[in-house]
Amino acid sequence: MPQQPLSEGYQVFISRPVASVGGEITVPGDKSISHRALLLSSIADGTSIIRGFLHSEDCLATLAALQAMSVDVVVEGDDLKILGVGIEGLHSPPGPLNLGNSGTATRLLAGVLAAQPFDSVLTGDASLRKRPMERVAVPLRLMGAVIETRGGGGAPLKIKGGRPLTGIDYTLPIASAQLKSAILLAALWAEGQTTVRSPNPSRDHTERMLGVMGVKIEQSSSHTVSLTGGGRLQAQELEIPGDFSSAAFFLVAGLLGAPDGLLIRNVGVNPTRTGLLKILQEMGGQIELRNQRECGGEPIADLFVTQSELRGVEVRTDLVSLSIDEFPVLFIAAACARGQTVVTGAEELRHKESDRLGVMATGLRILGVSVTEYSDGLSIEGGSISGGRIDSQGDHRIAMAFTIASLAAKGAIEILRTEEVATSFPDFVSVATRSGLAIEVARSRGKDDLSDE
Ligand code: S3P
């Protein structure tokens, strides 16, 4: 089978072809909402309860950062009790805050820390340190913050405390919820009004949660949001819905191999997150939203997906920011569809946990798929998929996406460097196994040696 070389000591997934998937599963709590629940509860007045919190490495990095700034947290099973310190209650951390792999934690915390009376340093792992941070420093500096980024604009970020902030009217260069949220969080402490304008809509969990906690948010369109500083947040009981981005792997699994259907319960279906539903439905995918309801300002549904004949599509560029984390698994669906799928306007994918256009193109080619790479997208010829060995480059979503390809592949798919799956979906293998997938977890001990764990 086609192979990429093995390096020593990495965790490997071996995903073997299975006849079908089905039954009922749930996916863990939403990562974006879990980060926000921690941040906003910490600066609220009173004690918040967070139910269904995602205990993944990324969210635990945010939690540790807040604890380092004197926020008390009580873990009660899957739930968290956060003793809010109020808008003026964070304390100087004893050292640099290490946010691991998490871009969301780093950028959102940059917004909060720009407004604090103390200095701070934000850093992370090798992948995080390569990601662009000037994009968040630029608007925060316009508000009055003093922030230094490393060399070409990456982490560590050094933030000087004690600078008074003033509201700004800022147009984002890209539709990024992380940037929008960082500015809105800093705006809580800023003098006057802050307005953030976006070229396209992006996920709006920060706005929704601020609203639930009593901060007045003005949303003049899906592209423009304003907030006036000086308010306070009220503690809440927050229920985190299942993560649509985690459910996405099983939506595609169901489309490829669930003749009797696969039910994914309790998934967040905020319209700023569900671009993938529209794309898959346009490809011919049968996905039903059942039992639609609302919880804590967020829409939720059970998703029922049935095996479908998929056809290639040209993905609308206005859906890109609404499905930004789902492209790895969408590219797998495209490789299994009849005809060509074209994605453009997605240059941002090169700045995620890995260069997701480059790494996906390389992996798909190893599986025999014909792929053309553009600076801002991919064109994929759907057809047959072979087995093979792929390097996920330590990107959690790429690792999980390639396990799903085994439903259509002629042989096993080995995926290297899968540890980072724990950043967003620590139970991925057991949920996948429950759905009917056959994923073995192994470790490379030397060149071409895969030993079972
Ligand atoms: C996130 C926003 C997205 C997404 C990331 C989580 C968030 O990034 O890719 O995984 O929680 O705000 P951008 O908004 O920067 O594209």
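Data block above holds the structure.
Keep in mind that this is a model prediction, so the values were computed, not measured.

Draft legend 1. The arrangement of the site of the ligand in detail. Residues in close proximity to the ligand include S32, R36, T104, S176, A177, Q178, R203, I324, D325 and K352, which together make up its full environment. Within the side chain of S176, a nitrogen or oxygen atom sits 2.8 Å from an oxygen atom of the ligand. Classifying every residue of the shell around the ligand by side-chain character gives two nonpolar, four polar and four charged.

Draft legend 2. Local environment of the packing of aromatic side chains. Per the counting criterion, the structure on display carries six aromatic pairs. Where F13 meets F428, the ring centres are 6.3 Å apart and the plane angle is 25°; that geometry is what we call stacked. Of the two residues, F13 is situated in strand 1 (residues 11–16) and F428 in helix 13 (residues 428–435); the sequence distance between them amounts to 415 residues. Accessibility expressed as a relative area gives 0% for F428, which makes it buried. Taking 5.9 Å as the distance between ring centres and 40° as the angle between the ring planes, the aromatic pair formed by F250 and F428 counts as tilted. Taken as a pair, F250 in helix 8 (residues 244–257) and F428 in helix 13 lie far apart in primary sequence, 178 residues in all. For the residue pair F250 and F428, the accessibility class agrees, reading buried in each case. One aromatic cluster is present, built from ring pairs that chain together F13, F249, F250, F425 and F428. In this arrangement the basic side chain of R290 is found over the ring face of F304, its NZ or CZ atom lying 4.0 Å from the centre.

Draft legend 3. Structural view of helix 7 (residues 205–212). Regarding helix 7, the residues found buried are H205, T206, E207, M209 and L210. A positive backbone phi angle near 100° is found at G214, which sits one or two residues after helix 7.

Draft legend 4. Inspection of the pairing of strand 3 (residues 45–51) at higher detail. In the sheet, strand 3 pairs with strand 5 (residues 79–85) via six bridges, with the strands oriented antiparallel. For D45, the partnering residue across the bridge sits in strand 5 and is V85. Where strand 3 lies against strand 14 (residues 237–239), three bridges are found, and the strand directions are parallel. Note that in strand 14 the partner of R51 across the bridge is E239.

Draft legend 5. The sheet that holds strand 13 (residues 224–228), seen in detail. Taking strand neighbours across the sheet as the criterion, the four strands line up as 10-11-13-12 in an open arrangement whose pairing is mixed. Only two strands of the sheet have a single partner each, and these edge strands are strand 10 (169–171) and strand 12 (217–221). Taking the axes of each pair of neighbouring strands and ignoring which way they run, one obtains an average angle of 15° across the sheet. The pairing of strand 10 with strand 11 (residues 193–197) spans three bridges and is parallel. Across the sheet, the residue bridging to D169 is T195, located in strand 11. Where helix 7 meets the sheet, its contacts fall on strand 12 and strand 13, and the angle it forms with strand 12 comes to roughly 140°.

Draft legend 6. The sheet that holds strand 19 (residues 370–374), seen in detail. Read from one edge to the other, the open sheet built from three strands follows the order 18-20-19, with strand pairing classed as antiparallel. Both edges of this open sheet fall to strand 18 (340–343) and strand 19, since each of them pairs with a single strand only. Recorded for the sheet is a direction-independent mean angle of 10° between the axes of neighbouring strands. Direction of pairing for strand 18 relative to strand 20 (residues 377–381): antiparallel, over a ladder of four bridges. Each residue of the ladder has a partner; that of V343, found in strand 20, is L378. In this fold helix 10 (residues 327–336) packs onto strand 18 and strand 20, with an angle of close to 25° to the strand it touches most, strand 20. Taken strand by strand, helix 11 (residues 356–366) contacts strand 19 and strand 20, and its axis lies near 165° from that of strand 19.

Draft legend 7. Fine view of the pairing of strand 9 (residues 154–160). In this sheet, strand 9 lies alongside strand 7 (residues 120–123) in antiparallel orientation, the contact comprising three bridges. Paired with V121 across the two strands is K158, which belongs to strand 9. When strand 8 (residues 146–150) meets strand 9, the two strands line up antiparallel, connected through four bridges. Paired with E148 across the strands is K158, a residue of strand 9. Counting the residues between successive antiparallel strands, the hairpin from strand 8 to strand 9 contains three residues, one of them, G151, with a positive phi of roughly 35°.

Draft legend 8. Geometry of the nonpolar core. Within the largest apolar cluster, 79 residues are counted, with the highest numbers of intra-cluster contacts made by F250, L251, I264, L280, F331, F402 and F428. Looking at which element gives the most residues to this core, the answer is helix 8, with 10 residues. L280 has contacts with L251, V252, L255, G285, I287, L330 and A333, leaving out every residue within four places of it along the chain.

Draft legend 9. The arrangement of the packing of helix 1 (residues 31–42) against helix 2 (residues 57–68) in detail. For the pair helix 1 and helix 2, interaxial distance at closest approach is 9 Å and the crossing angle is 10°. What the angle tells us is that helix 1 and helix 2 run roughly parallel. Every residue of helix 2 that contacts helix 1 at K31, S34, H35, L38, L39 and S42 is listed here: D58, C59, T62, L63 and L66. Class assignment for the residues of the contact of helix 1 with helix 2 results in five nonpolar, four polar and two charged.

Draft legend 10. Region of the structure containing helix 1. With 12 residues, helix 1 extends 17 Å between its outermost C-alpha atoms, agreeing within 8% with the 16 Å of an ideal straight helix rising 1.5 Å per residue. Along helix 1, the residues classified as buried are K31, S32, I33, S34, H35, R36, A37, L38, L39, L40, S41 and S42. N-cap assignment for helix 1: the residue whose side-chain oxygen lies 2.9 Å from the backbone N of S32 is D30.

Draft legend 11. Spotlight on the environment of I82. Position of I82 among the secondary structure elements: in strand 5. Distance from I82 to L39, taken between C-alpha atoms, is 9.7 Å for residues 43 residues apart in sequence. What I82 contacts, discounting residues up to four positions off in sequence, is L38, S41, S42, G46, T47, S48, I50, V71, D72 and V73.

About the cut-offs
- Residues numbered from 1 in each chain as written.
- Predicted model: local features only at pLDDT ≥ 70, side-chain atom pairs only at ≥ 80, totals over all residues.
- Heavy atoms only, no water.
- Near = heavy atom within 4 Å.
- Polar contact = N/O pair within 3.5 Å; in protein donor to acceptor, adjacent residues only side chain to side chain.
- Nonpolar A, V, L, I, M, F, W, Y, C, P; charged D, E, K, R; others polar.
- Phe/Tyr/Trp six-rings, centres within 6.5 Å; stacked < 30°, edge-to-face > 60°.
- Helix = DSSP H or I, 4+ residues; strand = E, 2+ residues; numbered from the N terminus.
- Buried < 20%, exposed > 50% of the residue type's maximum accessible area, 1.4 Å probe, protein only.
- Lys NZ or Arg CZ within 6 Å of the ring centre and 35° of its normal.
- Pairing = 2+ DSSP bridges.
- Axes fitted to C-alpha atoms, helices over the stretch in contact; angles between N-to-C directions.
- Contact = heavy atoms within 4.5 Å.
- Core = buried A, V, L, I, M, F, W, Y, C linked by side-chain atoms within 4.5 Å.
- Parallel < 35°, antiparallel > 145°, perpendicular 65-115°, else oblique.
- Expected span 1.5 Å × (residues − 1).

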